[in-house]
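Below are the chains, spelled out letter by letter.
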Amino acid sequence: MTPDVWTIANALPLIWAAIAAGGVFMYVLMDGFDLGVGILFPWAHGEQDRDLMMNSVAPIWDGNETWLVLGGVILMAAFPAAFAIILPALYLPITFMVMGLIFRGVAFEFRFKAHSSKWLWTVAFAGGSLFATFFQGVVLGTFVQGFPMTGGHYAGSAFHWVSPFSLMTGVALVFGYGLIGAGWLVMKTEGPLQAWARRAMTRLLLAVLVFMAVVSLWVPLLDQSISARWFTWPNIAYFAPVPILVAVFAWRLWLSLQRGSDYGPFLYTMALFVLGYTGLAISLFPRLVPPDLTIWDVAAPASSQLFLLVGVLFLIPVILVYTTYSYWVFRGKVRPGEGYDH
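Residues numbered from 1 in each chain as written. Predicted model: local features only at pLDDT ≥ 70, side-chain atom pairs only at ≥ 80, totals over all residues. Heavy atoms only, no water.

S.K.: So what's going on with the environment of Pro13? Residues and values would help.
M.R.: Within the secondary structure, Pro13 sits in helix α1 (residues 8-40). Distance in space between the C-alpha atoms of Pro13 and Val298 is 8.8 Å, their sequence separation being 285 residues. Aside from chain neighbours lying at most four places away, what touches Pro13 is Phe79, Ile295, Trp296, Ala299 and Gln305. (Helix = DSSP H or I, 4+ residues; strand = E, 2+ residues; numbered from the N terminus. Contact = heavy atoms within 4.5 Å.)

S.K.: Talk me through the nonpolar core; I want residue IDs and the actual numbers.
M.R.: In terms of nonpolar packing, the biggest core is built from 90 residues, with Met53, Phe79 and Trp184 touching the most fellow members. Ranked by residue count, the leading element in this core is α1, at 15 residues. Discounting residues that sit within four places of it in the chain, Met53 has contacts with Val37, Leu40, Phe41, Ala44, Leu185, Leu193 and Trp196. Counting 14 residues, the second largest nonpolar core, distinct from the first, contains Val219, Phe239, Leu280 and Leu284. (Core = buried A, V, L, I, M, F, W, Y, C linked by side-chain atoms within 4.5 Å. Buried < 20%, exposed > 50% of the residue type's maximum accessible area, 1.4 Å probe, protein only.)

S.K.: Lay out the pattern of salt bridges in plain terms, naming residues and giving numbers.
M.R.: Tallied over the full model, the rule gives nine salt bridges. As a salt-bridge pair, Arg50 and Glu47 come within 3.0 Å of each other at their nearest N and O atoms. With Arg50 and Glu47 both in helix α2 (residues 47-57) and three residues apart, the pair spans about one turn of that helix. Overall, Arg50 belongs to the buried group, its relative accessible area being 13%. (Salt bridge = Lys/Arg side-chain N within 4 Å of Asp/Glu carboxyl O.)

S.K.: An account of the side chain of Ser166 is needed here, citing residue identities and associated values.
M.R.: Within the secondary structure, Ser166 is located in helix α7 (residues 164-188). A polar contact of 3.0 Å, which involves the side chain of Ser166, links it to the side chain of Ser163. Sequence-distant contacts of Ser166, defined by excluding residues within four places in its chain, comprise Gly137, Val138, Gly141, Thr142, Gln145 and Trp161. (Polar contact = N/O pair within 3.5 Å; in protein donor to acceptor, adjacent residues only side chain to side chain.)

S.K.: Please provide a residue-by-residue account of the packing of aromatic side chains, values included.
M.R.: Taken as a whole and assessed by the stated rule, the structure comprises 21 aromatic pairs. An angle of 80° between the planes, with centres 5.1 Å apart, marks the rings of Phe134 and Phe135 as edge-to-face. When the ring of Phe159 is compared with that of Trp161, the centres are 6.4 Å apart and the planes differ by 35°; the resulting orientation is tilted. For Phe159, a relative accessible area of 53% translates into the label exposed. Note on Trp161: relative accessible area 7%, which makes it buried. The structure contains a cluster of three or more aromatic residues connected by ring pairs, namely Phe96, Phe131, Phe134, Phe135, Phe159 and Trp161. (Phe/Tyr/Trp six-rings, centres within 6.5 Å; stacked < 30°, edge-to-face > 60°.)

S.K.: Explain helix α4 (residues 66-78) to me, using residue names and the numbers behind them.
M.R.: A turn of α-helix holds 3.6 residues, and therefore any two residues three or four places apart point the same way. Compared with the 18 Å implied by 1.5 Å per residue over 13 residues, the 18 Å span of α4 between its first and last C-alpha is a close match. Along α4, the residues classified as buried are Trp67, Leu70, Gly71, Ile74, Leu75 and Ala78. The arc that holds the buried residues of α4, viewed along the axis, is 130°, so those residues lie on one side. Tucked into the core, α4 has its buried residues touching α1, α3 (61-64), α5 (80-111), β3 (287-289) and α13 (302-329). (Expected span 1.5 Å × (residues − 1). Arc of directions from axis to C-beta.)

Below is the structure:
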């Protein structure tokens, strides 16, 4: 349902949904590239290149995950009914995702100090990044396809997340994070590693565009209301800029790779992620628990939302300040003999 009369109580869930969506998207953009670097790790040419790759993200990776924690806490606090439905459906993929993040985090600390066991932490870093990314994609796909419910409670099994669509989105996100990770390496490195990352981006771009096309065609088939939203008049005119801009930015990304740009590939890849996220938001809004429950159906009482909002209005600026500061301090290229392991 949607509110018939706009009041503060009706507007608060919309504000909280925007904050939660913004937090999750910040995580996807900012942790996506360092997970992507880990996904690319096994294909790097030698240990020196792997050291550079890890150095390029080591000082900032843990701060990026703050946004994931923020999104999860907001879901629990501002939309407790949604949290009670979504979490039981996603216990296993979320657990697997966290395990991957733990392996990756431990590998950051131990690989720099290890000698004979360095290969083990290389595997942990690459495997943890791949594992975490795949199951993030599975969580996303399960969320998009919706949750079986009875009387406002989750009615599916612990393996509801195992479906062709969710497994496909898991694989798609691996390629997507690989693309943005390669863009990060193009921006932060030089020489042979940068040239290798450019070549990887060219191949990954094609795969990502294929997956975006498949998702764009598959999602409307999941729900007739989504299909009607995209393909009825005048909505088709309102939303046409999204796929058009995807084509434009994909072309600009390819051109920037051919012209040897350092910053263009990463920025255009970020633009593709923004457009993909926008497309999913258009498809699902205002439902927070697809296919039926809206953000107003699952919101906490207005008094709780107001109380929480005061704290978040102080917290988010702090996160933005230290995130911006860490990236500012870490600007510039990463070179051999410099970085976290020195």
